[in-house]
Amino acid sequence: MRRPFFLPAIFLTVALAVCCLTVSAWAQSPLGGKGSISGKVLDEKGQPVPFANVMLLGTQWGGAAVDDGSFTIVNIPVGTYTLRASSMGFEISTQEGIQVQADQTTTANFALQSKSVGTLNEVAVTAEKERIKTKRTDTSHDINSKDLESLPVNEIAEAVGLKAGVIAKGGDLHFRGGRAGEINVTVDGVPVKDPLVGGGGAALASLAVEATETILGGLDAEYGNAQSGVINYTTKEGGREFEGQLYYMTDDYGQPDNTYDNLDRVFLGVGGPSPIDNLTYYVSAEGTFSDAYPATPRDRSRTRILNFISVGDRKSNSVRIQSKLAYRPGPNYKLTGEVIYNNTRSEPYLHMWSRVGYVQTFRDTTQTGEVVTRRGRWSPTQVDDTYEYYNPSNHTPTNINRFNQLKAVWNHTIDESAFYNVKLSRNFFYVDSRVGGKNAWEYEGERENDLWFNYTDREAEPFFIISGDYPTLSHRETIVYTLKSDFTQRYKNHTFKTGIEATYNDMSFFRVDRPYNSNSQGEIGGTRTNYHYYNPEGAWYIQDRWEHEGMVLNLGVRYDVFSVGEQLDISEVRERVKKQFSPRIGIAYPISDRDVFSFHYGRFYQIPDRRFLYDNRDALDGRVRGNANLTNETTVSYQAGIQHLFSDNVAGQFSVYYKDIFGLISTEAGSSFGTVGNTNQYVNKDYASSRGFEATLSRRFSNGFAGEINYGFGVATGVASDPNAAVERTFTYLPISEQSLDWDVRHTFSVQTQFADLGNWLASFIWTYSSGFPYTPESRDTRELQPENTNSRRLPSSTSLDIQAEKYYRLWGQRFKVFLQSRNVLDAKNITTLSPGNWPNPPGSIGDDYTIYFTETGKAGGAYVDEDIDGDGIGDWVALNDPRVFLDPRNVRLGLQLNF
């Protein structure tokens, strides 16, 4: 097993150098040291005065009171000071002779007297986030609601995918070379990951999200079950004034042939104070209906209103609803309740099932005397009355995907130095996939070959389907109960944080493949999976942020535990409860008032998706069996970074990282409980590594211009990209060295720019470039794959340009905008998925046809081998031009938005 050591050595050397500099800085610091001042600003009735300004006269130190009136000013040199508190509508209050002692906190409270104020001119107040994060040792990117409104993106994941260190492939996000399932997603601090299959279940409406934080590395101990990173969503909440937003976007321009994706998206969000004192609300609903590229030819009923509004079912139909209540019974208390409901009904585009026409149909009698329907020749038109209309797309699955979250959050500020929260949630994940709502015994088809077989000419169609239903159905439900609590205490120069988390998973899964067959027990289905398991999990962490002379030291440890559940017999499980400790160490050190250096070391564990524990445990038909003895997957990560403030408007973030990843899930033939001989089962044997460099330059809006540039260089290598690689391919020998992983893109580059005349117009541009994804070359005579050939070649690079232009108006005294959005303006034909897969394998298949075709000809889009037309003794390719291979073509959308 190869273990590169040069980057860890460099990181450790840098860390030692920083420690030396720190010791030197401590040695040179004045003996007097520094202290803090904290207290509260109240009015004459004892009520808090939030946002009051508190300043030390004659110095640059000061602060602002928070909602409960408390304030804290830290890192004040020892001495005697005059403290002043002020707020609009109150008399200024001053306290003299405030003593600051070394490493101590002095208390100073204010009682402000109200005063009358005259009529004031309107004052615009703008709060700006700090340009560099001086106290954090992670690498993170923030996206706020204004960014999502003005950028030509329609999903939050698209905006995340623009950041340095993030690779987007096939709808998945990969952080710093990790697998897609290594990202944990939280909504207001509560995880929303389906433990059975991984992945985030909360695709929130972008306009209902206040802020998104993406952490790529340097995770503190409070974050667990995430090897690669975390995405934190903060949903919107009602304020003191009633506000709302109405949004509509379409690419339907009035005629059936005058549209791109037949898209309509509507959003309505409103929030504000309720009739109950101290209770605010926010409610939003979004509906998105689209024949998303590539559109399926399925037959649907449609109704048009006013000759340009199209109503009816489409390929993708999504509804997202959020409702949030926030109640503040006192200045130090807050109770929040939220409901999130997502429902998506969609159809997959399957190229084999996309040819619509007429098929010769007749009745036949089997050897047993049963009368069955047979299919013959296919034609694009009806030749005679024996030809019946057949649309294969009508016989493909409809996928229903639902997510529901019920959540309650209690926040309590004990005093100016301590607070805690308690979060209780229930997440429900539901996925159902079947043809026309049928049960397994209702599927059309007598045997697999009938999908293609022409009984008239007694030969099979080489690729396209002419009969039957897509031969699979599945149903999955997961319920996750979570109790999570965090407590934070500030003491002198230390900020302690500790927390616990308890989770209970209820998971069920049912799947039938090839329902025209029966298994050895006489049940319908060539293969069946059916189980219902429960398992508990828990975690505890503690961390300390110590600040001294500007330097920040973050130390933390996390303890994770999970059980495989009580349903498995003790003879099947070597260790029912698995436990792990993971240390985290981070240092942030200000090199100057414009530069901060940081270093982080962490050990990160992740519980395997529970399907790898429970799937096919009783299977004897060659399928990979779940293994309850799996342990946590592990990542050891090092990163170093520098933040630099080039000017008041331009900031940069630069990071290098190295990750050693092991214990990844793979497959291996071995003995298994209840079997004779060897069977394939999941094991913790794969390993990988990644290393790279990231750079981000951002310019906040000034003089009519804002922008951000992201560049990432990364190398992601490993034994296998897929846990099932060893059983899906036949290797000459098992891989033992690291090769490029499927998402190993060496260079990514994105540029985001905004030009605006505030209040009048705005134009946003996003240009992206990425070097090519790797692929494995194959030929027609490939029978066994040499492991060293895995991902040994590269696809062409890809690039795209997206634009959004906005024009602002005043309508009924409210802000109204009209916008035009164009995606892939240059209509680039980028390869996104070289071989999207065709199942079941068609009769004309000679292997991975799409990859073989590309290897031989350099052409993408897929093909199958047909007759030898040119007489060279080799079957000729018939190109398919499968649209799944390529990036969505250019589209143009028009939208309206009203803020009130």
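A brief structural summary. Quick caveat: nothing in here was measured; it's all calculated off a predicted structure. The residue numbers shown here count from 1 along each chain, following its written sequence. For this predicted model, a pLDDT threshold of at least 70 governs which residues receive local features, and a threshold of 80 or more governs which side-chain atom pairs are given and counted, while totals over whole chains, interfaces and linings are taken from all residues. Side-chain metrics rest on all non-hydrogen atoms present in the structure, leaving aside hydrogens and water.

Details of the overall build of the protein chain
Scanning the protein chain from N- to C-terminus turns up 6 helices and 49 strands. A globule of 900 residues ought to have a C-alpha radius of gyration of about 29 Å, and the protein chain, at 31 Å, matches this closely. For the protein chain, the spread of C-alpha atoms along the principal axes amounts to about 105 × 65 × 50 Å. Whether two residues are in contact is decided by their heavy atoms: any pair within 4.5 Å suffices. Taking as baseline every contact in the protein chain between residues at least 6 positions apart, the subset at least 24 positions apart corresponds to 67%. Here the open area of atoms and residues is found with the Shrake-Rupley method and a 1.4 Å probe, where only the protein chains shown may cover a residue. Summed over all atoms, the accessible surface of the protein chain reaches about 41000 Å², with 54% contributed by carbon and sulfur. Looking at the protein chain, you have 88 positive and 108 negative side-chain charges, and the mean spots of the two groups are 3 Å apart. Per the convention used, a helix needs a DSSP run of H or I reaching at least four residues, while a strand needs a run of E reaching at least two, with both numbered from the N terminus. For the radius of gyration, the atom set is restricted to C-alpha positions; the globular benchmark scales as 2.2 Å times the number of residues to the power 0.38. By the counting rule applied here, Lys and Arg register as positive and Asp and Glu as negative, while His and the ends of each chain are not counted. One atom stands in for each charge, and that atom is NZ of Lys, CZ of Arg, CG of Asp or CD of Glu.

Some remarks on the pairing of strand β39 (residues 705-718)
The classification of residues rests on relative accessible area computed with a 1.4 Å probe and restricted to protein chains. Under 20% of the type maximum is buried, over 50% is exposed, and intermediate values are partly exposed. The buried count for β39 comes to 10 of 14 residues, which makes it a mostly enclosed element. Summarising the sheet, strand β38 (residues 678-702) and β39 pair through 13 bridges and their orientation is antiparallel. Looking at β39, one finds that Ser698 is bridged to Glu708. Taking the residues that link successive antiparallel strands as the turn, the β38-β39 hairpin has 2 residues, and the phi of Asn703 there is positive, at about 55°. In this scheme, strands are said to pair when DSSP sees at least two bridges between them. Pairing of β39 with strand β40 (residues 739-740) involves 2 bridges; the strand directions are antiparallel.

Examining the pattern of salt bridges
Salt bridge, as used here: a side-chain nitrogen of Lys or Arg that lies within 4 Å of a carboxyl oxygen of Asp or Glu. Considering all chains together, one arrives at 51 salt bridges under this definition. Glu155 is the partner of Arg265 in a salt bridge, and the nearest nitrogen-oxygen pair spans 3.1 Å. Placement of the pair is Arg265 in strand β17 (residues 259-273) and Glu155 in the loop between α2 (145-150) and α3 (156-160), with a sequence separation of 110 residues. By relative accessible area, Arg265 is classed as buried at 7%. Of the charged contacts in the structure, one is a salt bridge between Arg377 and Asp457, with a shortest N-O distance of 2.9 Å. On the criterion of sequence distance, the pair formed by Arg377 in strand β24 (residues 371-379) and Asp457 in the loop between β28 (453-454) and β29 (459-460) is long-range, its members being 80 residues apart. By sharing partners, the salt bridges in this structure join Asp188, Glu237, Lys324, Arg328, Lys334, Glu338 and Lys407 into a single network.

Details of empty space enclosed by the protein
Definitions used throughout: a 1 Å grid over protein atoms alone; a cavity as a set of points that fits a 1.4 Å probe which cannot get out; a pocket as an open set with protein on both sides within 12 Å along at least five of seven lines; a lining residue as one with an atom within 4 Å of a point. Grid points are joined across faces, edges and corners, and a volume is the space filled by probe spheres set on the points. Within this structure, the stated rule accounts for 7 cavities of 30 Å³ or more. In this structure, the largest cavity encloses a volume near 130 Å³. In terms of lining, the largest cavity is formed by 17 residues, of which the most central are Ile167, Gly177, Tyr657, Gly714 and Val745. Every element with two or more residues in the lining of the largest cavity is listed here: β38 and β39.

Digging into the sheet that holds strand β5 (residues 79-86)
Spatial strand order, β3-β2-β5-β6: 4 strands in an open sheet with antiparallel pairing. What marks the edges here is a single partner per strand, and that holds for β3 (62-64) and β6 (93-100). Strand-to-strand twist in this sheet, taken as the mean axis angle between neighbours without regard to direction, amounts to 20°. To define axes, lines are fitted to C-alpha atoms, for helices over the stretch in contact only, and angles between the resulting N-to-C directions are given on a 0 to 180 degree scale.

Quick notes on the side chain of Thr488
With respect to the secondary-structure elements, Thr488 resides in strand β30 (residues 472-491). When neighbours within four sequence positions are excluded, Thr488 is seen to be in contact with Ser417, Ala418, Phe419, Thr495, Phe496 and Lys497.

Description of the nonpolar core
Membership of the largest hydrophobic core comes to 36 residues, with the highest contact counts inside it found for Trp353, Phe463, Ile465, Leu795 and Ile831. Those elements that provide at least two residues to this core are β37 (650-671) and α6 (849-857). Look past the residues within four positions of Trp353 in its chain and what remains in contact with it is Tyr390, Pro392, Ser393, His395, Thr396, Leu451, Ile465, Gly468, Asp469, Tyr470, Pro471 and Trp839. In plain words, nonpolar cores are sets of buried Ala, Val, Leu, Ile, Met, Phe, Trp, Tyr and Cys residues tied together by side-chain atoms within 4.5 Å.

As far as function goes, none of this settles anything; it's purely spatial.
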